Amino acid sequence: MADPDVKYPVNVTYCGACTMPLEYCEYSNCKDMCREWLEQNLPDLAATVTIDDVSDEKKHQKRGGKGTGKPKKTVTMASKVTLQISARSKNKNVTLVKGLSTFGIDPKVAGKLFSSRFACGCSVTGADEITIQGDFKDDLFDLIPQKWTQITDDDIEDLGGEPNKR
Ligand SMILES: [Zn+2]
């Protein structure tokens, strides 16, 4: 028997999508799912409960105007990484890696990775040029697409260069 002095919440309906009472749906992170759940399960209530989502989007659009929203990912046309072996002296080769920044990769970050991966000297020698002490062209062909998935084998060009005999 219910205690007559206690007022139980009347007809609190919990949303099947966000599990909160329906009146909180508009604060949930899944308003789209809430609305969908409501329309499917409680079509009568759906008409009376406002889940303020669509109008929110409209507000944003008005405020920002068309096309001034999130920055689009910029695709650079001439993105290409080049690898080149350069013989600096007898028995000493360096690998020049150019073009990483055209894929949004910081040469300094890449240089650190190369030097720790290959345990070798590695320095940023230009705006977009990394010089690795040693012949690591083959390793780079494997490592670069593996590390940065935006770069494929086809994006890496072997500029050649005859390595000294190791
Ligand atoms: Zn909900």
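- Looking up the protein in an unreviewed UniProt entry gives the name SUI1 domain-containing protein, with the organism given as Panagrellus redivivus.
- Quoted verbatim from the Sequence similarities (unreviewed entry) field of UniProt, the annotation for the protein is "Belongs to the DENR family."

Observations regarding the overall build of the protein
Now for step 1: A tally of regular secondary structure across the protein gives five helices and five strands.
Now for step 2: Start at the N end of the protein and walk to the C end: the helices and strands fall as α-α-α-β-β-α-β-β-α-β.
Now for step 3: Per-residue burial over the protein gives 31% buried out of 166 residues.
Now for step 4: Sequence separation of at least 24 residues holds for 46% of the intrachain contacts in the protein that already meet a minimum separation of 6.

A look at the coordination of the zinc ion
Now for step 1: Within the protein, the atoms that donate to the zinc ion are Cys15 (SG), Cys18 (SG), Cys25 (SG) and Cys34 (SG), at distances of 2.2 to 2.3 Å.
Now for step 2: Because the angles between the four donor atoms bound to the zinc ion fall within 102 to 115°, the donor set is best described as tetrahedral.

Brief notes about the pairing of strand β1 (residues 81-89)
Now for step 1: With three bridges connecting them, β1 and strand β5 (residues 156-158) associate as parallel partners. Considered in β5, the bridge of Leu83 is made with Asp158.
Now for step 2: Two strands pair when backbone bridges link them, and β1 and strand β2 (residues 92-98) are joined in this way by seven bridges, in the antiparallel orientation. Within β2, the position partnered with Ser86 by the bridge is Val94.
Now for step 3: The loop that links β1 with its antiparallel partner β2 comprises two residues; one of these, Asn91, has a positive phi angle of about 65°.

Description of the pattern of salt bridges
Now for step 1: Scanning the entire structure with this criterion turns up three salt bridges.
Now for step 2: Measuring nitrogen to oxygen at the nearest pair gives 3.5 Å for the salt bridge that ties Lys98 to Glu129. Here Glu129 lies in strand β4 (residues 129-133) and Lys98 lies in strand β2, a separation of 31 residues in the sequence.
Now for step 3: Asp158 is the partner of Lys137 in a salt bridge, and the nearest nitrogen-oxygen pair spans 2.9 Å. Of the two residues, Lys137 sits in helix α5 (residues 137-147) while Asp158 sits in strand β5, which places them 21 residues apart along the sequence.

Here's the deal with the packing of aromatic side chains
Now for step 1: The full count for this structure, using the stated rule, is three aromatic pairs.
Now for step 2: Judged by centre distance (6.1 Å) and plane angle (15°), the ring pair of Phe114 and Phe118 falls under stacked. Of this pair, Phe114 and Phe118 both sit in helix α4 (residues 107-118), four residues apart, roughly one helical turn. Neither Phe114 nor Phe118 differs from the other in exposure class; each is buried.
Now for step 3: A ring pair is formed by Phe114 and Trp148, whose centres lie 6.1 Å apart and whose planes are at 90°; its orientation type is edge-to-face. Of this pair, Phe114 sits in helix α4 while Trp148 sits in the loop between α5 and β5, and the two are 34 residues apart along the sequence. Like Trp148, Phe114 is buried.
Now for step 4: Taken together, the ring pairs in this structure connect Phe114, Phe118, Phe136 and Trp148 into an aromatic cluster.

What counts, and where the lines are drawn
Residues numbered from 1 in each chain as written. Predicted model: local features only at pLDDT ≥ 70, side-chain atom pairs only at ≥ 80, totals over all residues. Heavy atoms only, no water. UniProt positions renumbered as here; feature names shortened; annotations may be inferred. Helix = DSSP H or I, 4+ residues; strand = E, 2+ residues; numbered from the N terminus. Buried < 20%, exposed > 50% of the residue type's maximum accessible area, 1.4 Å probe, protein only. Contact = heavy atoms within 4.5 Å. Donors = N, O, S within 2.8 Å, 3.2 Å for Na, K, Ca; no water. Tetrahedral: all angles 85-135°; square planar, octahedral: opposite > 155°, others 65-115°. Pairing = 2+ DSSP bridges. Salt bridge = Lys/Arg side-chain N within 4 Å of Asp/Glu carboxyl O. Phe/Tyr/Trp six-rings, centres within 6.5 Å; stacked < 30°, edge-to-face > 60°.

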